[in-house]
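This is what each chain is made of:
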2 protein chains.
Amino acid sequence: MKNTAILLRFDGTAYHGWQTQMRDVTVCSTLKQAIEKTVGHAVSLTGCGRTDAGVHARRYVANFRTDSTITMERLPFALNAHLPGDIVVRAAAAVGERFHAVGSLEKKEYTYRIYNDRHRDPFERSRAYFYPYALDVDVMRAAARMFLGKHDFAAVRTQGSSVKSTIRTVFYFDVEKKDKFIELRVCADGFLYNMVRAMVGTVMYASRGKLSPDEIPALLESRNRGLTGPTVPACGLYMTGLWYREGVDAQWLSQ
Amino acid sequence: MKNTAILLRFDGTAYHGWQTQMRDVTVCSTLKQAIEKTVGHAVSLTGCGRTDAGVHARRYVANFRTDSTITMERLPFALNAHLPGDIVVRAAAAVGERFHAVGSLEKKEYTYRIYNDRHRDPFERSRAYFYPYALDVDVMRAAARMFLGKHDFAAVRTQGSSVKSTIRTVFYFDVEKKDKFIELRVCADGFLYNMVRAMVGTVMYASRGKLSPDEIPALLESRNRGLTGPTVPACGLYMTGLWYREGVDAQWLSQ
């Protein structure tokens, strides 16, 4: 059985995330069916992370093992023929036996999109968080900087899934204004449950004057989720970048 | 009754165009209901053009008469509260008695978006025409230039609605490559039924070597729809620009 990695892009609006414990329709269950129809046997599918209902991915990696003889060039076309239009396989690669979509991950990037205008944009519904009040990008940047580095991020996670440690390292957390959008890009060696959405909520809180950027280090220290900003809606969140220690390189991942 | 203009943006995917003769759900019928709920009386609503099922608008103007005392500042918010997320009123303006959404039009711009890549993009389904084969932008530009000026455009229209004349003037028809998208922008003093989609189909035909740009003047002369390229899908088409002789200015329209 050959270990195979696939690079996906999906609009998460219609799905209950990558995978849940319930019988909901998920990206994983939809993709698994398409793979099994294509390769002709049952597969075990591993995704690079759990995404919540409504969260999107411009890049997402999964891996599975197959004895199919279909070429890596041909595989995306075959899979896409069995997939709905909101999930697309962009590339496939034969990877070493040790490659694991989560275990081989070095770091990940998420992007959060805010549509900041007086009126909604019909083309951005379910694709960005519509926020009609003034936001100060400079204050947002100052707040975002406070999350950089190695910290205990318990104050910006939702409890639920058990993790061994709440220590993570954030490599960058950039805030950029592009016309009527504000985009926040954050890269870390791992993310706790709802961590990006709580960090963005905290940065927006700072911009609205509900807390000062300088207070953020103490809020992180407190490990108290009640003191930081709200969890912003899932629809603005995109997985946008992945870095692996082995198996697939940056060029393949940038497709 | 005060004459009122509104500036709209809509995702046309779910609608049978602006208006049809049948009882389908249209942008016009949906908007009319929202206006009547807001102003409290029946209105007659005029749109700036018929758009087909699935066609979008980044800018679209309609007008109606009302005796409501709601301010122009407040009106978009009130209307949007009664509208689904795929139709948004961006602005409203009190206009002179003579203003008519079609009759006062000087020219219009449509943009056609092609997503030109090997695999689909889930975020562009219903938003761009997915075309996975090679296109040559230089040939497309040469073909597009052949449509400039005053011509009889009978060879690039679908018969159906009766018009007095098939003579129109095309002011520009630009082709631009932006990453994996090819965008075609065309501005004219008016458009025949399906004219933009048939012109884009003809430009793509030229790029695929099925006809030479030099042949296009003779094809237009022939007035024979059977000789030009196919009508490309509605999902790639957006109304993007409007110019009026009176009533609303360029700044208001650029919102």
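Going by the structure above, here's the rest.
Let me sum up the structure you'll find in this document.

How each quantity is defined
Residue numbering note: each chain is counted from 1, following its sequence as written. Key to labels: chains lettered from A, ligands numbered from 1, both in the order written. Totals for whole chains, interfaces and linings use every residue, but because this is a predicted model, local features are given only for residues with pLDDT of at least 70 and side-chain atom pairs only at 80 or more, for both listing and counting. Only hydrogens and water are set aside when side-chain values are computed; all heavy atoms of the structure are taken into account. Least-squares superposition of the copies uses the C-alpha atoms of those residues scoring a pLDDT of at least 70 in each of them. Contacts are residue-level and defined by heavy atoms, with any inter-residue pair within 4.5 Å sufficient. Only protein atoms enter the 1 Å grid, on which a cavity is a set of points fitting a 1.4 Å probe that cannot get out and a pocket is an open set with protein on both sides within 12 Å along at least 5 of 7 lines, lining residues being those with an atom within 4 Å of a point. Grid points are joined across faces, edges and corners, and a volume is the space filled by probe spheres set on the points. Strands here mean DSSP runs of E at least two residues long; helices mean DSSP runs of H or I at least four residues long; both are numbered from the N terminus. Three classes are used: nonpolar for Ala, Val, Leu, Ile, Met, Phe, Trp, Tyr, Cys and Pro, charged for Asp, Glu, Lys and Arg, and polar for all others, with Gly counted as polar. Two parts placed together each lose some accessible area under a 1.4 Å probe, and adding up what both lose gives the buried area. A pair is scored as a salt bridge if a Lys or Arg side-chain nitrogen falls within 4 Å of a carboxyl oxygen belonging to Asp or Glu. Here a polar contact is taken to be a pair of N or O atoms separated by no more than 3.5 Å, where protein atoms must pair a possible hydrogen donor with a possible acceptor and residues adjacent in sequence count only if both atoms sit in side chains. Think of it in three bands: with a 1.4 Å probe and only protein chains considered, a residue is buried below 20% of the maximum accessible area for its type, exposed above 50%, and partly exposed in between. Only when DSSP finds a minimum of two bridges between them are two strands counted as paired. The rule is short: rings of Phe, Tyr and Trp, with Trp giving its six-membered ring, pair when the centres are within 6.5 Å, and they are stacked under 30 degrees, edge-to-face over 60, tilted in between.

### Re the relation of the copies chain A and chain B
Between chain A and chain B, which share one sequence, the superposing operator has a rotation angle of 180° and an axial displacement of 0.0 Å; the RMSD is 0.0 Å. Accordingly, the operation relating the two chain copies is best matched by a two-fold axis. No C-alpha of chain A approaches the rotation axis more nearly than that of Phe123 of chain A, which lies at 5.1 Å. The fraction of interface residues of chain A whose copies in chain B are also interface residues reaches 100%, indicating that both copies meet through the same surface.

### Concerning the layout of surface pockets
In this model, the largest pocket occupies a volume close to 1,300 Å³. As for the largest pocket, its lining consists of 42 residues, of which Arg113, Glu124 and Phe181 of chain A together with Arg113 and Glu124 of chain B are closest to the centre. For the lining of the largest pocket, the elements supplying multiple residues, two or more each, are β3 (56-66), β5 (105-115), β9 (181-188) and β10 (237-244) of chain A together with β3 (56-66), β5 (105-115), β9 (181-188) and β10 (237-244) of chain B. For the lining of the largest pocket, the residue count by class is eight nonpolar, eight polar and 26 charged.

### A word on the interface of chain A and chain B
Facing the 28 residues of chain A at the interface are 28 residues of chain B. Roughly 2,300 Å² is buried in total at the junction of chain A and chain B, and carbon and sulfur atoms are behind 53% of that figure. When the area that chain A buries against chain B is broken down by residue, the three leading residues are Arg90, His119 and Phe123 of chain A, summing to 31%. Where chain A packs against chain B, one counts ten salt bridges. Arg9 of chain B is the salt-bridge partner of Asp121 of chain A, the closest N and O atoms lying 2.8 Å from each other. At the junction of chain A and chain B, the tally comes to 16 residue pairs in polar contact (both at pLDDT 80 or more). Mapped by element, the contributors of at least two residues to the side of chain A that touches chain B are β1 (2-10), β3, α2 (75-81) and β4 (87-94) of chain A. Among the elements that take part in the side of chain A that touches chain B, β4 of chain A stands out by supplying four residues, more than any other. Taken together, the residues of the side of chain A that touches chain B sort by class into eleven nonpolar, four polar and 13 charged.

### What to know about the pairing of β10 of chain A
Residues and elements named next belong to chain A. With respect to burial, β10 is a largely interior element, seven of its eight residues being buried. As paired strands, β5 and β10 are joined by seven bridges and run antiparallel to one another. Its bridge partner being in β10, Thr111 is matched across the sheet by Tyr238.

### Let's talk about the packing of aromatic side chains
Residues and elements named next belong to chain B. Summed over all chains, the structure comprises 22 aromatic pairs over all chains. With centroids separated by 5.0 Å and ring planes inclined at 50°, the aromatic side chains of Phe99 and Tyr244 adopt a geometry described as tilted. Taken together, the positions of Phe99 in the loop between β4 (87-94) and β5 and Tyr244 in strand β10 put the pair 145 residues apart, joining distant regions of the chain. On the accessibility criterion, Phe99 (2% relative accessible area) is buried. Judged by centre distance (5.4 Å) and plane angle (80°), the ring pair of Tyr131 and Tyr133 falls under edge-to-face.

### Observations concerning the environment of Asp121 of chain B
Here Asp121 of chain B is to be found in the loop between β5 and β6 (129-130). Asp121 of chain B gets classed as buried once you look at its relative accessible area, which sits at 7%. C-alpha of Asp121 of chain B to C-alpha of Gly201 of chain B: the two residues are 80 residues apart in sequence and 21 Å apart in space. Beyond its immediate stretch of four places on either side in the chain, Asp121 of chain B contacts Arg9, Arg58 and Arg90 of chain A together with Tyr115 of chain B.

### Structural notes on the pattern of salt bridges
Within the structure shown, the criterion is met by 35 salt bridges over all chains. Between Glu73 of chain B and Arg118 of chain A there is a salt bridge whose closest N-O contact spans 2.4 Å. Placement of Glu73 of chain B in the loop between β3 and α2 (75-81) and of Arg118 of chain A in the loop between β5 and β6 (129-130) is noted, with the two residues assigned to different chains. The structure contains a network of salt bridges with shared partners spanning Glu109, Arg113, Glu124, Lys178, Glu183 and Arg185 of chain B.

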